[in-house]
Amino acid sequence: MTDVTDGVLHTLFRSDQGGHEQVVLCQDRASGLKAVIAIHSTALGPALGGTRFYPYATEEEAVADALNLARGMSYKNAMAGLDHGGGKAVIIGDPERIKTEDLLLAYGRFVASLGGRYVTACDVGTYVADMDVVARANPWTTGRSPENGGAGDSSVLTAYGVFQGMRASAQHLWGDPTLRGRTVGVAGVGKVGHYLVEHLLKDGARVVITDVRPEAVRRITETHPEVAVAADTETLIRGAHPFGALDIYAPCALGGALDDHSVPVLTAKVVCGAANNQLAHPGVEKDLADREILYAPDYVVNAGGVIQVADELHGFDFDRCKAKASKIFDTTLAIFARAKEDGIPPAAAADRIAEQRMAEARTEARTEALPGGGTQR
């Protein structure tokens with residue numbers, strides 16, 4: 001067994017990052033499907049989280065990502081006030097090469113076999129049209145098109161929630177919730193990032209962007225020539241572009257953006273973005289605090305999308321969802337206040353609040369399961 005596999009199993013069974021209830025390895029040879037479904041917690045209700053379709057270098061890397069993402073969803077759903085636990089699925093492979101209807105249907109059948117313990121949705125590499133296909137084999141599918149009873153693109157409210165987190169960060173740090181006149185760097189202007197740019201420009205921010213895909217950059221600059229472009233993420237965070245030092249850095253691509261290399265050279269005073277699992281390893285949150293960089297926990301500010309897809313299960317109402325996503329502003333401020341009160345980084349404060357809610361739910365479930373105590377949730 002390789003060291004990487006040992007690391008995955010250690011995470012699953014023995015580390016503080018583990019505690020997962022169930023991990024399912026899925027394979028359908030006919031369609032070429034290889035997938036991992038990870039359920040971290042159902043303390044608050046059925047696990048809810050998206051399906052990532054990505055060309056992982058190894059199967060072990062895919063399992064590790066599923067574990068990390070599922071855990072993050074437990075905390076995200078708890079902080080968003082949803083009656084859902086955390087889960088995530090990853091499909092291994094390049095979606096541009098291997099994604100087919102048969103593969104998506106096979107994946108849907110595996111999710112359906114869990115009987116509702118895991119509710120899926122879109123993530124990196126999967127889209128509304130894909131969820132429409134998955135839903136044909138699996139009733140526990142969200143992120144579908146309006147024509148198929150869904151809410152459509154959840155990126156809209158994800159970006160809106162991140163914007164609310166930025167406003168809260170500005171309020172906490174500078175005493176004013178507006179981003180007018182602030183320089184914001186957005187790394188990754190895909191499904192969520194390009195919506196975020198629109199919010200920032202409307203609020204009067206100076207925006208500089210970067211993305212590994214030239215077409216994603218062009219989509220923005222052709223409409224908004226006032227937006228500056230950095231050659232890459234390091235150029236962006238160092239401020240080596242026409243707008244200079246950043247006030248706010250928004251990682252909106254894949255995880256691990258904040259690490260031992262990037263944090264020491266960050267020019268921004270705030271980090272608030274849409275990417276999941278931005279902290280590359282434990283301890284990065286303290287490194288940010290030591291540099292007096294305010295970190296808005298990713299799973300708090302990017303919860304707008306999961307708020308939207310969760311609402312599909314109750315009959316989707318956009319205005320109701322937007323009102324819930326607007327509360328990300330207040331939640332983010334409450335986390336900053338808790339962090340100051342407890343003398344800990346905001347990421348640790350958010351974890352404490354989320355863990356308290358999940359622990360209370362588990363205690364309630366055990367109480368209800370006792371004789372005379374009702375039925376288990």
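Details of the structure are given in the entry above.
Computed from a predicted structure; not experimentally measured.

Asks: Teacher, can you tell me more about the overall build of the protein here?
Replies: Along the backbone of the protein there are 15 helices and 12 strands. Relative to the compact-globule value of 21 Å for 377 residues, the protein shows a C-alpha radius of gyration of 20 Å, a close match. By principal-axis analysis of the C-alpha atoms, the protein measures approximately 60 × 50 × 50 Å. Burial statistics for the protein: of 377 residues in total, 54% are counted as buried. Put simply, of all contacts in the protein between residues at least 6 apart along the chain, 64% involve residues at least 24 apart. Approximately 16,200 Å² of the protein is accessible, and the part contributed by carbon and sulfur atoms is 51%. Where the 37 positive side-chain charges of the protein centre and where its 48 negative ones centre are 3 Å apart.

Asks: Would you explain the side chain of Arg144 in this entry?
Replies: Mapped onto the elements of the fold, Arg144 is located in the loop between helix 5 (128-135) and helix 6 (155-174). Exposure remark for Arg144: the relative accessible area of 17% places this residue in the buried category. Only 3.3 Å separates the side chain of Arg144 from the side chain of Glu312, close enough to count as a polar contact. If we skip the residues at most four places from it in the chain, Arg144 touches Val128, Met131, Asp132, Ala135, Gly149, Gly150, Ala151, Gly152 and Glu312.

Asks: Mind showing me how you'd approach the pairing of strand 2 (residues 33-41) here?
Replies: Looking along a regular strand, one sees the side chains alternate between the two faces of the sheet. In terms of residue burial, strand 2 counts as a mostly covered element, since eight of its nine residues are buried. Of the strand pairs in this sheet, strand 1 (residues 22-28) and strand 2 are connected by seven bridges, and their pairing is antiparallel. Among the inter-strand pairings, Leu25 is bridged to a residue of strand 2, identified as Val36. Where strand 1 folds back on strand 2, the antiparallel hairpin that results is connected by four residues, among which Gly32 adopts a positive phi of roughly 90°. For strand 2 and strand 5 (residues 85-92), the ladder comprises six bridges, and the chain directions are antiparallel. Opposite Ala35, over in strand 5, you have Ile91 as the bridge partner.

Asks: I would appreciate a short explanation of helix 2 (residues 59-79) in the present structure.
Replies: Three or four residues apart is the spacing at which side chains of an α-helix point the same way, because the helix has 3.6 residues per turn. Along its 21 residues, helix 2 runs 30 Å from first to last C-alpha, staying within 8% of the 30 Å computed at 1.5 Å per residue. Of all 21 residues making up helix 2, 16 are buried, and the element is well covered by its neighbours.

Asks: What is the right way to look at the pattern of salt bridges in this model?
Replies: Two side chains that carry opposite charge are able to pair once their charged atoms sit near each other. In total, this model carries 15 salt bridges according to the counting rule given. A salt bridge links Arg52 to Asp65, with the shortest nitrogen-to-oxygen separation between them at 3.7 Å. Of this pair, Arg52 sits in strand 4 (residues 51-54) while Asp65 is found in helix 2, placing the two residues 13 residues apart along the sequence. Asp65 shares its class with Arg52; the two are buried.

Asks: Got a minute to help me understand the nonpolar core in this structure?
Replies: Most often, soluble globular proteins keep nonpolar side chains buried together rather than apart. Met166, Val186, Leu196, Val197, Leu200, Val207 and Ile209 are the most contacted members of the largest nonpolar core, which has 41 residues in total. Sorting the residues of this core by element identifies helix 6, strand 7 (183-187), helix 7 (193-202), strand 8 (206-210), helix 8 (214-221), strand 10 (248-251), helix 12 (304-312) and helix 14 (328-342) as the ones contributing at least two each. Among the elements that take part in this core, helix 6 stands out by supplying five residues, more than any other. Excluding residues within four positions of it along the chain, Val197 makes contact with Val186, Val189, Val207, Ile209, Ile220 and Val227. Membership of the second largest hydrophobic core comes to 22 residues, among which are Ala47, Ala89, Ala106 and Tyr118.

Asks: Would you take a moment to explain the sheet that holds strand 9 (residues 228-229) for this structure?
Replies: Strand-to-strand pairing in sheets goes through backbone hydrogen bonds, with the strands running parallel or antiparallel. Here six strands make up an open sheet; going across it, the order is 9-8-7-10-11-12 and the pairing parallel. Since the sheet does not close on itself, it has two edges, and those belong to strand 9 and strand 12 (294-295), each with one partner. Alignment of strand 8 against strand 9, held across two bridges, turns out to be parallel. Bridge assignment links Ile209 to a residue of strand 9, and that residue is Val229. Taken strand by strand, helix 7 contacts strand 7, strand 8 and strand 10, and its axis lies near 170° from that of strand 7.

Conventions we followed
Residues numbered from 1 in each chain as written. Predicted model: local features only at pLDDT ≥ 70, side-chain atom pairs only at ≥ 80, totals over all residues. Heavy atoms only, no water. Helix = DSSP H or I, 4+ residues; strand = E, 2+ residues; numbered from the N terminus. Rg over C-alpha atoms; globule rule 2.2 N^0.38 Å. Buried < 20%, exposed > 50% of the residue type's maximum accessible area, 1.4 Å probe, protein only. Contact = heavy atoms within 4.5 Å. Areas by Shrake-Rupley, 256 points an atom, 1.4 Å probe, with all protein chains shown as cover. Lys, Arg positive; Asp, Glu negative; His and termini not counted. Charge placed at Lys NZ, Arg CZ, Asp CG, Glu CD. Polar contact = N/O pair within 3.5 Å; in protein donor to acceptor, adjacent residues only side chain to side chain. Pairing = 2+ DSSP bridges. Expected span 1.5 Å × (residues − 1). Salt bridge = Lys/Arg side-chain N within 4 Å of Asp/Glu carboxyl O. Core = buried A, V, L, I, M, F, W, Y, C linked by side-chain atoms within 4.5 Å. Axes fitted to C-alpha atoms, helices over the stretch in contact; angles between N-to-C directions.

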